[in-house]
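Spelled out, the chains give:
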Amino acid sequence: MIRKMKKLTIGLFNDSFPPNIDGVANTVVNYARIIQEKYGRSIVVAPKYKNVVDDYDFKVIRYQSLPTDKTKIRYRTGNPFSINAIRRVTTEKLDLIHCHSPFTAAMLAKNANPLHRLPVVMTYHTKFDEDIAFTLKSKSLRKMVAGIVVNSFNYADEVWTVSHGCAKSLRALGYKGDYRVMVNGADITLDPVPDEIMYKVQADTGFNSGELVFMYCGRMQWYKGIKIILDALVKVKAADVRFRMIFVGGGYELDDIKAYTRKVGLSTQTLFTGPIYDRALLKGYFTRADLFLFPSTYDTAGLVVMEAAACRTPSVLIKDSCASEIVTDGRNGFISEENADSFAAVIENAVNDRSALAQTGEFAAREVYLSWEDSVTNAYRRYEEIYDEWKSFGPILRRSLKKKDNE
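Residues numbered from 1 in each chain as written. Predicted model: local features only at pLDDT ≥ 70, side-chain atom pairs only at ≥ 80, totals over all residues. Heavy atoms only, no water.

A.B. asks: I'd love a proper account of the environment of Asn 349, names of residues and values included.
C.D. replies: Mapped onto the elements of the fold, Asn 349 is located in helix 12 (residues 340-351). Note on Asn 349: relative accessible area 59%, which makes it exposed. Taking the C-alpha atoms as reference, Asn 349 lies 9.7 Å from Phe 334; in sequence the two are 15 residues apart. (Helix = DSSP H or I, 4+ residues; strand = E, 2+ residues; numbered from the N terminus. Buried < 20%, exposed > 50% of the residue type's maximum accessible area, 1.4 Å probe, protein only.)

A.B. asks: Hey, could you go over the state of the cysteines for me, with residue numbers and the actual values?
C.D. replies: Per the stated rule, a full pass over the model turns up zero disulfides. Of all cysteine sulfurs, the one in Cys 217 lies closest to Cys 311, which takes part in no disulfide; the gap is 11 Å. (Disulfide = S-S within 2.5 Å.)

A.B. asks: Explain the packing of aromatic side chains residue by residue, including any values.
C.D. replies: Counted under the stated rule, the structure contains 18 aromatic pairs. Summarising the aromatic geometry, the rings of Phe 247 and Phe 272 are spaced 5.2 Å apart at their centres and angled 10 degrees between planes, so their arrangement reads as stacked. One end of the pair, Phe 247, is in strand 11 (residues 244-248); the other, Phe 272, is in strand 12 (residues 270-274), with 25 residues separating them in the sequence. What makes Phe 247 buried here is its relative accessible area of 1%. Each residue in the set Tyr 216, Phe 247, Phe 272, Phe 286, Phe 292 and Phe 294 is aromatic and connected to the rest through ring pairs, giving one cluster. Directly above the ring of Tyr 49 sits Arg 76, whose terminal nitrogen or CZ lies 5.4 Å from the centroid. The side chain of Arg 331 reaches across the aromatic face of Phe 363, ending 3.9 Å from its centre. (Phe/Tyr/Trp six-rings, centres within 6.5 Å; stacked < 30°, edge-to-face > 60°. Lys NZ or Arg CZ within 6 Å of the ring centre and 35° of its normal.)

A.B. asks: A description of helix 1 (residues 23-39) should follow, citing residues and the corresponding values.
C.D. replies: Over its 17 residues, helix 1 extends 23 Å from the first C-alpha to the last, a length consistent with the 24 Å expected when each residue adds 1.5 Å. Where burial is concerned, most of helix 1 is hidden: twelve out of the 17 residues are buried. Considered for burial, the residues of helix 1 that qualify are Val 24, Ala 25, Asn 26, Thr 27, Val 28, Val 29, Asn 30, Tyr 31, Ala 32, Ile 34, Ile 35 and Tyr 39. Close packing links the buried residues of helix 1 with strand 1 (9-13), strand 2 (41-47), strand 6 (96-99), strand 8 (158-161), helix 11 (303-310) and helix 14 (372-393). The residue sitting at the N-terminus of helix 1 and contributing the capping side-chain oxygen is Asp 22; that oxygen lies 3.2 Å from the backbone nitrogen of Val 24. (Expected span 1.5 Å × (residues − 1). Contact = heavy atoms within 4.5 Å. Polar contact = N/O pair within 3.5 Å; in protein donor to acceptor, adjacent residues only side chain to side chain.)

A.B. asks: Let's hear about the sheet that holds strand 9 (residues 180-181): which residues, and what values?
C.D. replies: Read across the open sheet, the seven strands follow the order 3-2-1-6-7-8-9; overall the sheet is parallel. Every other strand in the sheet has two partners, leaving strand 3 (59-63) and strand 9 as the edge strands with one partner each. With four bridges joining them, strand 1 and strand 6 adopt parallel strand pairing. From the neighbouring strand, Leu 12 faces strand 6, where its bridge partner is His 98. (Pairing = 2+ DSSP bridges.)

A.B. asks: Summarise unusual backbone geometry; cite the residues concerned and give the values.
C.D. replies: Glycine aside, residues mostly have negative phi, and peptide bonds are mostly found in the trans state. The residue after Pro 18, namely Pro 19, is reached through a cis peptide bond having omega 20 degrees. Among the structural elements, Pro 19 can be located in the loop between strand 1 and helix 1. Here Arg 312, not a glycine, exhibits a phi torsion of approximately 65 degrees, which is positive. Unlike most non-glycine residues, Asp 320 shows phi in positive territory, near 70 degrees. Structurally, Asp 320 is set in the loop between strand 14 (315-318) and strand 15 (334-336). Given the relative accessible area of 70%, Asp 320 is considered exposed.

Shape is all these values report; function is a separate question.
Okay, structure coming up:
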């Protein structure tokens, strides 16, 4: 018998939310949508953008922000001391706060939770240790920002991370408490792509049916491992493997990447689509690909790996990367060392037997893919446990880390 869940009101706080599009914003949208549809009530609290209309089935509270989205920060900076925002949040009678950013969103969550009357969950999505090192040259500033992140997570009653590798990043900043791995899902479903979408993909690409197709989807920036892809494909081409390569995404280094593609002689094999915002069309591209190439060691979860798996397209990933945690090498995906020689060898071996490659894709769909519905259901069940414990015993006292991390 299916247990009936409590109808809780969950406050979802984050520094990024549409029109800003990234993995964490997508997470918050799906959490809010599914909680509102199936379980309780969701309230999203996010920075204000000019002329944005929030046409959602759930409530969105926007608060005053600064236009820092055009800088390296990439997001608007909200004002966590906004009296209006604090008043609006406190009148919503939240049962639990789930914060997805340790910066101004976390500060606003604290200000809207006087005397810590509500339980707080914090999720660590991003390798902020690497972001801080890349963005800030001053050691004292790095230390200060790392302290802000750790203090936010120390404030929480329960800390979630999206992978074990992501947790290592939080540890590197100085966090010593417990954590729980809660894997995010994908909103691309397992059902087949309609013929009209596949016809459009064929028309857009000009690829012939039966051509071997590789694909990457994500930010077009070098730190995502794109040079490994291109250098590996030069070797694959030299081995007389005929293929086409699709890069989906945008980024400020896109022009440099295109120039390098021309330099290494891969222009005729390669298509740059730019960002694809139509999810049905993106699913068509994933379906058209035979192999998804994702050598990023920066990403904390590799949501795109699940999206590819939903389309029965297996991935080539880097050993010990966060994305590789959900893949078994040779069964539902492929693992490479972090260099072009190894990556090329793995690609060549994977495409040597096309029927075996297709079988690997089937296993990826069964074993790698996780829907957002299942992911949020897991999260909501944990919300209930936290809420019940909070009501019964008051604030949850986290133990200092004297044992293996929670999973």
